[in-house]
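Coordinate inspection notes
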Amino acid sequence: MLKNSSGFGRSGHLADKIFPRLTMVFALLIVVLLAGILIVLNIDAFPAIRKFWLSFLVSTSWDPVKEQFGALPAIYGTLLSSLLALVIAVPVSLGAAIFLSELSPRWLKGPASLLIELLAAIPSVIIGLWGLFVLVPVVRNPIESWLGSKLGFLPFFQGPPFGVGFLAAGIILAIMIIPIITALSRDALSAVPNQQREAMLALGATRWETIRRTVLPYCRSGLIGAMILGLGRALGETMAVTMVIGNGYKLTASLFSPGTTIASKIAAEFAEADSQLFIASLVELALVLFAVTLVVNVIARLLVWRLTAVKEARE
Amino acid sequence: MADTGYGRRKLINRTMLSLCAIAAGLSIIVLALILGYTLVQGISSLDIDFLMQAAKPMGEAGGGMRDEIFGTLILVTLGTLISLPVGLMAGIFVAEFAGPRIATAVQFSADILAGVPSIVVGVFAYAVLVRPMHSYSALSAGVALAVIMIPIVARTAEESLRLVPNFQREAALALGITRWRAIIGVIIPGALTGIVTGVMLGVARIAGETAPLIFTALGSQFGVQGLLKPIGALPLQIYRYAMSPDPDWHKQAWAAAFLLMLLVLGISILVRVVSRRRSI
Amino acid sequence: MIDKSNQDTVQTCEIPGEEVPEGSGILKVRGLNAWYDSTKAIKNISLSIPEKAITAIIGPSGCGKSTFIRCLNRMHEVSHGGRVEGCVLLDGKDIYARDVDPVAIRRRIGMVFQKPAPFPTMSIFDNVSAGLRLTRVWSRRWELEEIVERSLRQAALWDEVKDKLGQSGSSLSGGQQQRLCIARAMAVEPEIILLDEPCSALDPAATLKIEDLMRNLADRYTIVIVTHNMQQAARVSDMAAFFLADTDRTGILIEFGPTSQLFTNPKDKRTEDYITGRFG
């Protein structure tokens, strides 16, 4: 028998009161997780923080036996490799983005964008594998030998060509961040209203001049946001870098030299960490990395959000 | 005079635009190189033994990655099982219930969480699970992977739910059904394709993650021993084998990379093709 | 989209001495006011909707007709910033009283919207039975089948879809989709059916079918229909309420009476102007 509910029902269904609260709990879990990472890292790094204070950030010796842990070469390595990656990736990404947004015929846009995005989907460890066995030999010979012989007077290109080292790491990182910078830059460029382009062209400017003087400046903050997000990605990248950077630990300007990044240090030494202080130092490294990428990502997000807000205000 | 100036401008134009095309081509060439090498090297090293046998110690010929293949499947499943409810509920909250300020706070946090380096997540999981439990475990690895996957699922779920038109919500409520039944019975099915896409993207991402596994799963020489024990996985094994001096292990690393690539790229392509087709 | 029910009115709505049998489906409106945030949409509406008859709400666009009808089944509060004050009495009891469950109200007062909104992920069968399945009111499959067939027959759609009950609801034409929505609304056996401009998205042939349908349904249900089409109101309704926007742009009720009288001998000059087409 079908029961029809006449009448006015009890007020408020229990489930309708619980369900929104339940979803809120899970949503807040995300915020809590973020805070939790910060707190937990601090707690576990505390022994090292307490022992070394600021010398952790400026000391160059990493000696498990003597229990002296200084992170400067790792920090330096992270910055150097990421900067090198940016130097290589930004022109390539910008060029590709300009091509995709301004130049490519309609039928090519979709497939080409898809292919470049696929590069981002490749797991880091596979790029590292390729880097180790395919890129590094090429870097060693001919790239580094050529650079060393022709430009060896510069401190960047001195030292024996190992193949593994900062140069290889920079190239690998560049490969990894090109897709994200390209995709975001392409979006920023596509958002520039067509009237801007047409106005310049009507004045007799060439395509390139239009792009350079009108389109690029218009979406400048979006482009910068894209680059900073790419930087954030490069700073945190672990596996591919670890496999091609060689594990050297000194401050040197030579790009040929093996080096270390914060991420690669943690990954490489974790298996051997035995003492409390050793582990705490590695955790402190993770904390430094977390803080740096956090700041970079927040700046990038704010830039991109600001760009969307300004766009919406204009419309 | 004007002629020379114009000619020069035209030359610059041609050059720069060609450079842009070259830049785009370069990216695609690099992709082709990576895919190509993995394909060629991988296929030549892939055989039945690889899929069926357990790993052998260094120096001994032969052996395979059967346990690591299982391990990857187990860890991905675990990560998905944990992150799916959390991400979905969070997405429902932001799309259906949250006021604008809380919504922004949650979205912002999810975006930031997505940007946390996976190695940091691994260290976090180590501190929170491995240390207190005094053991590396598949469970802690699953949790670490879930942390990485949650923001992806949450954001995609939220966007898909927002896309369900409002008049369907109203039509459901006007039938005299409760809000939560309307969400579960009508709105979520309407957003299902988008939600599934998000989950698949998440799976493709965590299947290839290595760094968190170093601190949680560790790898195992004894095969799969259960959720509370260490476990091996494909990406981890690729790393270890690649960094070793054993050329036979190098070959196996390529084979594993090929398998992993098939899985990850297969899902990625499928997802992107489906979502592009829908948006047209 | 958070539900905000009217919590603050302390006035008693029940009129002492007026005995109304339960389940009679008689709807009386007293002093109804509604807002969107701080903008008042309708002001001080009072009328009694006769049972088992068709009442048309007519008037130019923007004078609160849709807002009014949405207040009758507590759908107005579902909109952003929707707020209601006043009384809507069903069986002599105020549906906006504090202890009343809006979900129960919506089962007794059903609604069909302007844009046909079948649930796209459900088959025709599932669409019609959605109101029942999603509240677990039914107990056996054959009960559902009975109800679906009965509802589709009542909506004059059964013959057209009986062989394709498993197909998606969106595979039907616009007119058929709207009849599907009517069948869906009737499946939960309401006493009153509200229709908000149900034919404005349909072609004339489909419109006529729905008008025929409504006349048949009026034997069993109380029907309230919002329409901006005067001819439709004249064809179909027994009673008509004429709404107009006041000087402060809120909607007010100008005249309410038998349709024939309103159209041939309107009491208010503004009604006469609208009927004869001098504006609107």
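Thresholds, definitions, all that
Residues numbered from 1 in each chain as written. Chains lettered and ligands numbered in written order. Predicted model: local features only at pLDDT ≥ 70, side-chain atom pairs only at ≥ 80, totals over all residues. Helix = DSSP H or I, 4+ residues; strand = E, 2+ residues; numbered from the N terminus. Rg over C-alpha atoms; globule rule 2.2 N^0.38 Å. Buried ≥ 20, exposed ≤ 12 C-beta atoms within 10 Å, placed from the backbone. Contact = placed C-beta atoms within 7 Å. Pairing = 2+ DSSP bridges. Nonpolar A, V, L, I, M, F, W, Y, C, P; charged D, E, K, R; others polar. Core = buried A, V, L, I, M, F, W, Y, C linked by C-beta atoms within 7 Å. Domains from an automatic or database assignment. Axes fitted to C-alpha atoms, helices over the stretch in contact; angles between N-to-C directions. Parallel < 35°, antiparallel > 145°, perpendicular 65-115°, else oblique. Left-handed = near helix turned anticlockwise from the far one by under 90°. Expected span 1.5 Å × (residues − 1). pLDDT = per-residue confidence, 0-100.

1. Observations regarding the overall build of chain A
Looking only at helices and strands, one finds 12 helices and two strands in chain A. Starting at the N terminus, the α and β elements of chain A follow one another as α-α-β-β-α-α-α-α-α-α-α-α-α-α. Over its C-alpha atoms chain A spans a radius of gyration of 25 Å, topping by over 25% the 20 Å that the globule rule assigns to 315 residues. By principal-axis analysis of the C-alpha atoms, chain A measures approximately 85 × 65 × 40 Å. Looking at the 315 residues of chain A, the share that counts as buried comes to 47%. By sequence separation, contacts in chain A at least 24 residues apart represent 77% of the contacts at least 6 residues apart.

2. Overview of the overall build of chain B
Assigned secondary structure in chain B consists of 11 helices and zero strands. For chain B, the sequential pattern of α-helices and β-strands runs α-α-α-α-α-α-α-α-α-α-α. Rg of the C-alpha trace for chain B: 24 Å, well past the compact-globule value of 19 Å for 280 residues, more than 25% over. C-alpha extents for chain B along the principal axes are approximately 75 × 70 × 35 Å.

3. Digging into the pairing of strand E8 (residues 222–226) of chain C
Residues and elements named next belong to chain C. Of all five residues in E8, five are buried, a share of seventy percent or more. Residues Thr222, Val224 and Val226 of E8 are buried on one face, and the alternating residues Ile223 and Ile225, pointing to the opposite face, are buried as well. Relative to E8, strand E3 (residues 54–58) runs parallel, the two sharing four bridges. Residue pairing across strands places Ile57 opposite Val226, the latter belonging to E8. As paired strands, strand E7 (residues 192–196) and E8 are joined by five bridges and run parallel to one another. Within E8, the residue paired with Ile193 across the bridge is Ile223.

4. Brief notes about the interface of chain B and chain A
Interface size, as often reported, equals the accessible area lost upon joining of the parts. Between chain B and chain A, the contact holds 69 residues from the first and 69 residues from the second. Sort the elements by how many residues they give to the side of chain B that touches chain A and helix H1 (residues 2–45) of chain B lands first, with 19 residues. In the side of chain B that touches chain A, the residues fall into 53 nonpolar, 10 polar and six charged.

5. Concerning the nonpolar core
The nonpolar side chains of a soluble globular protein tend to be buried with one another. Ile172, Val244 and Ala286 of chain A together with Val123 of chain B are the most contacted members of the largest nonpolar core, which totals 282 residues. The element contributing the most residues to this core is helix H6 (residues 166–190) of chain A, with 18 residues. Split by domain, this core shows at least three residues from each of two domains, domain 1 (2–45) and domain 2 (51–279) of chain B. Not counting chain neighbours up to four residues away, the residues in contact with Val244 of chain A comprise Gly128, Gly131, Leu132, Leu135, Val136, Val164, Ala168, Ala169 and Ile172 of chain A.

6. Brief notes about helix H1 (residues 65–72) of chain C
Residue and element names in this part refer to chain C. A large share of H1 lies buried, amounting to eight of its eight residues. Every buried residue of H1 is accounted for by Lys65, Ser66, Thr67, Phe68, Ile69, Arg70, Cys71 and Leu72. The positive-phi residue at the C-terminal boundary of H1 is Arg74, with phi of around 60°.

7. Thoughts on the domain arrangement of chain B
Residue and element names in this part refer to chain B. We note that the domain assignment places domain 1 (2–45) and domain 2 (51–279) within chain B. The straight-line distance from the C-alpha centre of domain 1 to that of domain 2 is 34 Å. Taken together, the contacts link six residues of domain 1 with seven residues of domain 2. A breakdown of the residues in the side of domain 1 that touches domain 2 according to their chemical character gives two nonpolar, four polar and no charged.

8. A few points about unusual backbone geometry
Residue Pro142 of chain A is bonded to the preceding Asn141 of chain A through a cis peptide linkage, with omega at 25°. Positionally, Pro142 of chain A belongs in helix H5 (residues 124–151). For Asp37 of chain C, which is not glycine, the phi torsion reads 50° and is therefore positive. Within the secondary structure, Asp37 of chain C sits in the loop between strand E1 (27–36) and strand E2 (39–49). Here Arg249 of chain C, not a glycine, exhibits a phi torsion of approximately 70°, which is positive.

9. Remarks on the packing of helix H3 (residues 72–103) of chain A against helix H9 (residues 220–236) of chain A
Residues and elements named next belong to chain A. It is the contact of H3 with H9, at a shortest axis distance of 9 Å, that shows an interaxial angle of 140°. In terms of orientation, H3 lies oblique with respect to H9. You can see that H3 and H9 cross each other, and the crossing is right-handed. Here Thr78, Ser82, Ala85, Leu86, Ala89 and Val90 of H3 come into contact with H9, specifically with Met227, Gly230, Leu231, Ala234 and Leu235. Among the residues making up the contact of H3 with H9, the classes are represented as eight nonpolar, three polar and no charged.

10. Digging into the packing of helix H3 (residues 66–97) of chain B against helix H6 (residues 138–163) of chain B
Residue and element names in this part refer to chain B. With their axes 5 Å apart at the nearest point, H3 and H6 run at an angle of 35° to one another. Once H3 is placed against H6, the crossing between them reads as right-handed. Partitioned by chemical class, the residues of the contact of H3 with H6 number 22 nonpolar, six polar and three charged.

11. Overview of the environment of Gly131 of chain A
All names here are of chain A. Tracing the backbone through its elements, the reader meets Gly131 in helix H5. On the neighbour-count criterion, Gly131 (28 C-beta atoms within 10 Å) is buried. Sequence separation of Gly131 and Ala168 is 37 residues, and the distance between their C-alpha atoms is 7.8 Å. In this view, Gly131 contacts Val136, Ala168, Ile172, Ala240, Met243 and Val244; residues no more than four positions away in its chain are not counted.

12. Observations concerning the environment of Gly190 of chain B
Position of Gly190 of chain B among the secondary structure elements: in helix H8 (residues 179–207). Sequence-wise, Gly190 of chain B and Gly36 of chain B are 154 residues apart; in three dimensions their C-alpha atoms are separated by 39 Å. Discounting residues that sit within four places of it in the chain, Gly190 of chain B has contacts with Val164 and Gln168 of chain B together with Pro120 and Thr121 of chain C.

13. A look at the pairing of E2 of chain C
Pairing between E1 of chain C and E2 of chain C: seven bridges, direction antiparallel. Paired with Leu32 of chain C across the strands is Ile45 of chain C, a residue of E2 of chain C.

14. What to know about helix H7 (residues 174–187) of chain C
Its 14 residues place the ends of H7 of chain C 20 Å apart at the C-alpha level, agreeing with the 20 Å of an ideal helix rising 1.5 Å per residue. With respect to burial, H7 of chain C is a largely interior element, 13 of its 14 residues being buried.

15. Looking at the environment of Leu119 of chain A
Checked against the element boundaries, Leu119 of chain A lands in helix H4 (residues 106–121). Since 22 C-beta atoms lie within 10 Å of it, Leu119 of chain A is described here as buried. Each C-alpha atom, one on Leu119 of chain A and one on Met227 of chain A, is 17 Å from the other, the two residues being 108 residues apart in sequence. Once residues within four sequence positions are removed from consideration, Leu119 of chain A is found in contact with Ile178 and Pro179 of chain A together with Ser27, Val30 and Leu31 of chain B.

16. Quick notes on the confidence of the model for chain B
In this model, chain B carries an average pLDDT of 89, and 96% of its residues clear a pLDDT of 70 or more. Within chain B, helix H2 (residues 48–52) of chain B has the poorest average pLDDT of any element, 77, and H6 of chain B the best, 94.

17. Observations regarding the confidence of the model for chain A
Across chain A, pLDDT averages 86, with 93% of residues at or above 70. Taken together, the stretch residues 1–6 of chain A has pLDDT below 50 and engages in nine contacts with residues farther than four places along the chain or on a different chain.

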